[in-house]
Amino acid sequence: MSNNRVSRRQFLNYTLTGVGGFMAAGMLMPMVRFAIDPVLQKAEAGDFIATEKKVADLTETPERVDFSYEQVDAWYTSQVTDTAWVYKEGDKIIALSPICKHLGCTVNWGANEDHPNQFFCPCHGGRYEKNGKNVPKTPPLGPLDQFEVKVTDGLLYIGKKVPNKLV
Ligand code: FES
């Protein structure tokens, strides 16, 4: 018979450490998973959403283009409508997010009489140049995000939001 007997105190220590570790792992794993989940998600081929906008109709003046898609949140599926400000620059198509980088209001093109060729945020007077660059000394501290775009059969498709590459 072995002399390496486990004392009652040791047994309790091992048991409580094991149970504590198990419970800590159980609490931490969902948090870690939640934190890194977007990184784990693969971009899918269907990430571009068709709009009804004909590319031939786009001009150099930003115009509002709405698009909608199904969003799946766990077991709940909803129809989401989003917007982009879209214009042509030469043969390039630029699509900017309308979400203000100050506190998230929606910006509009040419809405301020004093600055007709800029995006204007009505909430706190934030302004952006046509390429989305925030105007210094107005509340936003960064440029408007950009959407990836592609053209299929003459129609505009909007992709995911990316940091502004124009400024
Ligand atoms: S939310 Fe746009 S300026 Fe404040």
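Keep in mind that this is a model prediction, so the values were computed, not measured.

If you had to explain the overall build of the chain to someone new, which residues and values would you point to?
Helix and strand counts for the chain stand at one helix and nine strands. In sequence order, the chain lays out its α and β elements as α-β-β-β-β-β-β-β-β-β. Relative to the globule expectation of 15 Å for 167 residues, the C-alpha radius of gyration of the chain, 26 Å, shows a markedly less compact shape. Expressed along its principal axes, the backbone C-alpha trace of the chain runs to roughly 90 × 40 × 25 Å. Expressed as a percentage of contacts within the chain between residues at least 6 apart in sequence, the contacts between residues at least 24 apart total 42%.

How would you sum up the nonpolar core? Please name residues and give values.
In this structure, Ala84, Val86, Ala95, Leu96, Val107, Phe119 and Ile158 are the most contacted members of the largest nonpolar core, which totals 20 residues. At the level of elements, strand S2 (63–73), strand S3 (76–89), strand S4 (92–96), strand S6 (119–121) and strand S9 (155–162) are the ones that each hand at least two residues to this core. When neighbours within four sequence positions are excluded, phenylalanine 119 is seen to be in contact with Val107, Asn108, Trp109, Arg127, Tyr128 and Leu144.

Please provide a residue-by-residue account of the sheet that holds strand S5 (residues 108–109), values included.
Judged by pairing direction, the sheet is antiparallel, and its three strands sit side by side in the order S5-S6-S7 without closing on themselves. One side of each edge strand has no neighbouring strand; the edge strands of this open sheet are S5 and strand S7 (126–128). Two elements, S6 and S7, share three bridges in a ladder whose sense is antiparallel. Looking at the pairing, phenylalanine 120 lines up with arginine 127 of S7.

Go over unusual backbone geometry, please, and point to the residues and values.
Unlike most non-glycine residues, alanine 74 shows phi in positive territory, near 55°. Here alanine 74 lies in the loop between S2 and S3. Here the phi dihedral of lysine 137 falls at roughly 70°; this positive angle occurs in a residue that is not glycine. By the element assignment, lysine 137 lies in the loop between S7 and strand S8 (146–152).

Explain the UniProt feature "domain: Rieske" (unreviewed entry) in the chain residue by residue, including any values.
According to UniProt, the feature "domain: Rieske" (unreviewed entry) maps to residues 62–158 in the numbering used here. Between the C-alpha atoms that bound residues 62–158 the distance is 15 Å, and the span itself is 0% helix and 51% strand.

Report on the domain arrangement of the chain, specifying residues and quantitative values.
We note that the domain assignment places domain 1 (1–41) and domain 2 (45–162) within the chain. Taken over C-alpha atoms, the centre of domain 1 sits 48 Å from the centre of domain 2.

Could you give an account of the pairing of S3, with specific residues and numbers?
The pairing of S2 with S3 spans eleven bridges and is classified as antiparallel. Paired with tyrosine 69 across the two strands is valine 80, which belongs to S3. Hairpin connection, S2 to S3: the antiparallel pair is bridged by two residues, and alanine 74 has positive phi, about 55°. Relative to S4, S3 is paired through five bridges, and the arrangement is antiparallel. Bridging from a neighbouring strand, valine 86 pairs with alanine 95 of S4.

For the environment of threonine 81, give the residues involved together with the corresponding values.
Looking at where threonine 81 falls in the secondary structure, it is placed in strand S3. With 8 C-beta atoms packed within 10 Å, threonine 81 lands in the exposed category. As for threonine 81 and leucine 103, which are separated by 22 residues in sequence, their C-alpha atoms are 20 Å apart. Once residues within four sequence positions are removed from consideration, threonine 81 is found in contact with Asp66 and Ser68.

The rules behind the values
- Residues numbered from 1 in each chain as written.
- Predicted model: local features only at pLDDT ≥ 70, side-chain atom pairs only at ≥ 80, totals over all residues.
- Helix = DSSP H or I, 4+ residues; strand = E, 2+ residues; numbered from the N terminus.
- Rg over C-alpha atoms; globule rule 2.2 N^0.38 Å.
- Contact = placed C-beta atoms within 7 Å.
- Core = buried A, V, L, I, M, F, W, Y, C linked by C-beta atoms within 7 Å.
- Buried ≥ 20, exposed ≤ 12 C-beta atoms within 10 Å, placed from the backbone.
- Pairing = 2+ DSSP bridges.
- UniProt positions renumbered as here; feature names shortened; annotations may be inferred.
- Domains from an automatic or database assignment.

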